[in-house]
Amino acid sequence: MNTREERISLLSEMIAFAIVDGELHDSEYDFLAIVAEELAIEKELFLELFKKRAAIIPIQSEHQRVMQFYRLALLMHVDNVLHEREIKMINEIGIKMGLNPMGIRKTLKAMEQSPNRMVEPAFLICAFEEQHN
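Predicted, not measured: the structure shown is a model, and the values here were computed from it. (Residues numbered from 1 in each chain as written. Predicted model: local features only at pLDDT ≥ 70, side-chain atom pairs only at ≥ 80, totals over all residues. Heavy atoms only, no water.)

Asks: Would you mind going over helix α4 (residues 62-78) with me for this structure?
Replies: Helical geometry: 3.6 residues make up each α-helical turn, so side chains three or four residues apart lie on a common side. Compared with an ideal rise of 1.5 Å per residue, which puts 17 residues at 24 Å, α4 spans 24 Å between its outermost C-alpha atoms and is within 8% of the ideal. Here α4 has its buried residues at Arg65, Val66, Gln68, Phe69, Tyr70, Leu72, Ala73, Leu74, Leu75, Met76 and His77. Close packing links the buried residues of α4 with α1 (4-18), α2 (26-38), α5 (84-96), α6 (101-113) and α7 (121-129). The first or second residue beyond α4 is Asn80, which carries a positive phi of 60 degrees. (Helix = DSSP H or I, 4+ residues; strand = E, 2+ residues; numbered from the N terminus. Expected span 1.5 Å × (residues − 1). Buried < 20%, exposed > 50% of the residue type's maximum accessible area, 1.4 Å probe, protein only. Contact = heavy atoms within 4.5 Å.)

Asks: Can you help me understand the layout of surface pockets in this one?
Replies: Its volume calculated, the largest pocket comes out at about 350 Å³. Lining the largest pocket we find 16 residues, and of these Glu13, Ile56, Ile93, Lys96 and Met97 sit closest to its centre. Of all the secondary-structure elements, those providing two or more residues to the lining of the largest pocket are α1 and α5. At five residues, the largest contribution of residues to the lining of the largest pocket is made by α1. (1 Å grid on protein atoms, 1.4 Å probe; cavity = no way out; pocket = protein on both sides within 12 Å on 5 of 7 lines; lining within 4 Å. Points joined across faces, edges and corners; volume = space filled by probe spheres on them.)

Asks: Help me out: how do you make sense of the packing of aromatic side chains in this one?
Replies: Centre-to-centre distance and the angle between the planes together describe a pair of aromatic rings. This structure, assessed with the given rule, holds four aromatic pairs. Both rings, one in Phe46 and one in Phe50, keep their centres 5.2 Å apart while their planes meet at 80 degrees; by these two values the pair is edge-to-face. Note on Phe46: relative accessible area 2%, which makes it buried. An aromatic cluster is built from Tyr29, Phe46 and Phe50, whose rings are joined through pairwise contacts. (Phe/Tyr/Trp six-rings, centres within 6.5 Å; stacked < 30°, edge-to-face > 60°.)

Asks: Looking at this model, I keep getting lost on the nonpolar core. Mind explaining?
Replies: In summary, soluble globular proteins display a tendency toward joint burial of nonpolar side chains. In this structure, Leu11, Phe17, Leu32, Phe69, Ile90 and Phe128 are the most contacted members of the largest nonpolar core, which totals 35 residues. Where this core is concerned, the elements lending two or more residues are α1, α2, α4, α5, α6 and α7. Excluding anything up to four places from it in sequence, Ile90 contacts Phe17, Phe69, Leu72, Ala73, Met76 and Leu108. (Core = buried A, V, L, I, M, F, W, Y, C linked by side-chain atoms within 4.5 Å.)

Read these as geometric descriptors, not functional statements.
Okay, structure coming up:
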């Protein structure tokens, strides 16, 4: 991420997504804390984002949008409970990000079929670049 504001925006979006099903599981909180640490967001600000959302800054780079989508998909699976609202919301977020719907579906299906819910980076890139031609 380029700026602090962009990193805060990404984390804020992830927090909002984590509570879309009405609760925050410990595993979701732990995952978000790891992401906050990776994004160099201090603990105090991290906790504040649960109370007040930061402004969402659109992600310019397609690669970064794909990575954010993947982070959200991992977050969706981290509690081992898939809610219909989460599935609907992640598809809406992907579309709003300007990601290819076929890439979204392909990625989510591959994650669902994976024992650890993860996919290889090369697969992820290919899933979204396939439709560029």
